[in-house]
Amino acid sequence: MSGYAVRRRCPRGLRRRREALLALLALLAMVGLGSVLRAQRGARAAEPKTLRTRRSGRRDPVLPRPLVPEDALGAGGEAVRLQLEGEELRLQEESVRLHQINIYLSDRISLHRRLPERWNPLCKEKKYDYDRLPTTSVVIAFYNEAWSTLLRTVYSVLETSPDILLEEVILVDDYSDREHLKERLANELSRLPKVRLIRANKREGLVRARLLGASAAKGDVLTFLDCHCECHEGWLEPLLHRSPTMAGGLFAVSKKYFDYLGSYDTGMEVWGGENLEFSFRIWQCGGTLEIHPCSHVGHVFPKQAPYSRKKALANSVRAAEVWMDEFKEIYYHRNPHARLEPFGDVTERRQLRAKLQCKDFKWFLETVYPELHVPEDRPGFFGMLQNKGLKDYCFDYNPPNEHDVTGQQVLLYLCHGMGQNQFFEYTSQNEIRYNTHQPEACVAVQAGTNILTMHLCEEKAPEDQKFILQEDGSLFHIQSKKCVQAERKSFSDSFVPLLRDCTYSEHQKWFFKERML
């Protein structure tokens, strides 16, 4: 995962890596500071005691990396799959259930392994003036994290970060209740240089836990890392050279600029949506967001959060309400339930936007992300695409991989009114777009077939993606000159839309419905 960079905008033009923003609008569709200060006053910090020997030379990492045999399990970042059975298999499955990560395997991999180089060879030629680079405080918030993934994160920071640049590593325990994260963790961290442990005395959630660490930080730049990361050699220097810097779960920013921008929205708690809100704010309030190709940090993605994230939707709603202006309706169309989600008071965040004289979301779309197709959402032409003859059945598309939305057949399922996999838009280019994800997909019928599948949408709609929704509700495919009909799938109890000769029956008539009554 490459490091991001946030900068104040240069008047000679925007620097941007558009891929970093490609999913912002689509991801948003998917998905009090006083309490922080009180937690800070009641927090207990474990002061570090330096027992391990540092390498000489302040440009060397804070700690030397112990030698790990080349044939060690997982050495060099190699993928590993254990062949287990019986009790060992049960223990591995239990670790995955508990942490949503294979901790049984992680515990058998060295905490000090070196990851392979991922950067462009040109990165090696870059020279840095270490005496002029800012220092950073690395903030790692965690809640009930597994021992090996947490400690591997800490050691990877200490063993890859130049001593002259790393001010400290601050671990924020967000009120964990696992036994290994109590005295055992405090003892382990007390042996490490530049490491502090702060404990919240109530559950704060990711955003406020990070703010708790930020408020105690001494470095010029705040670098936020998730608690299951591994840093590559040379990850830090490029980020600090581009300071201020940023990235969602792996995120760094000048402390002064962070404060100037209003830090995090403390009305958000669990992770999810906070990175989008901050990204919108950076761009709209005069900064830029960049990816630095020379900064790499490995990140373990759990199958799902091992704890409740019920408030993640409220985070996205807060971001939409403060920053997206009239375009928030596009988000609500695709997530009808979000319109009913309690999201708290955003008055202060709107006042912050006014104080910083931030630009509107239309400017963001036109200037920062002009290649994004902004849905038209014309009244009567978006929502559930429902069949008249097969009552209560709608177009439905649910690809097995959200990162590869093409190639699957469009189906018919009972209409549920929740948007997402049943949200479609009929455009002025005669496309039927499935655009709750990026990249957007369009319904297509390959020549010689009658099956509706998803292809990537194109700037100019190809003939096999063009349909005419006629006044009588029939859906006419221009290339084949046939109509879309709802019928039972062969040898199955499920239903599908297929191309058939036009008979204008009720099973060939369709209409859009925005929401369930």
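Residues numbered from 1 in each chain as written. Predicted model: local features only at pLDDT ≥ 70, side-chain atom pairs only at ≥ 80, totals over all residues. Heavy atoms only, no water.

**Re the pairing of strand S21 (residues 510-513)**
The side chains of a regular strand alternate between the sheet's two faces. Residues of S21 alternate between two faces, with Trp510 and Phe512 buried on one and Phe511 and Lys513 left unburied on the opposite face. As paired elements, strand S10 (residues 382-387) and S21 share 4 bridges and run antiparallel to each other. Along S21, the bridge assignment pairs Asn387 with Trp510. (Buried < 20%, exposed > 50% of the residue type's maximum accessible area, 1.4 Å probe, protein only. Helix = DSSP H or I, 4+ residues; strand = E, 2+ residues; numbered from the N terminus. Pairing = 2+ DSSP bridges.)

**Here we look at the environment of Leu352**
Mapped onto the elements, Leu352 comes out in helix H14 (residues 347-355). When its relative accessible area of 12% is taken as the criterion, Leu352 is described as buried. Distance in space between the C-alpha atoms of Leu352 and Val322 is 9.7 Å, their sequence separation being 30 residues. Filtering out sequence-adjacent residues up to four positions away, Leu352 remains in contact with Leu261, Gly262 and Arg281. (Contact = heavy atoms within 4.5 Å.)

**Quick look at the nonpolar core**
Counting residues in each nonpolar core, the largest one holds 52 residues, and the members touching the most others are Phe258, Tyr331 and Phe364. Broken down by element, this core gets its largest block of residues, 7 residues, from helix H8 (residues 206-216). If near-sequence neighbours (up to four positions away) are discounted, Phe258 is found in contact with Leu211, Ala214, Leu222, Phe224, Phe251, Val253, Ser263, Tyr264 and Phe278. Core analysis: the next-biggest nonpolar cluster, separate from the first, contains 38 residues, Tyr128, Leu189, Cys231 and Leu250 among them. (Core = buried A, V, L, I, M, F, W, Y, C linked by side-chain atoms within 4.5 Å.)

**Section: the environment of Ser316**
Of note, Ser316 is situated in helix H12 (residues 312-323). On the basis of relative accessible area, Ser316 is assigned to the buried category, the value being 0%. Residues Ser316 and Gly273 lie 43 residues apart in sequence; the distance between their C-alpha atoms is 4.7 Å.

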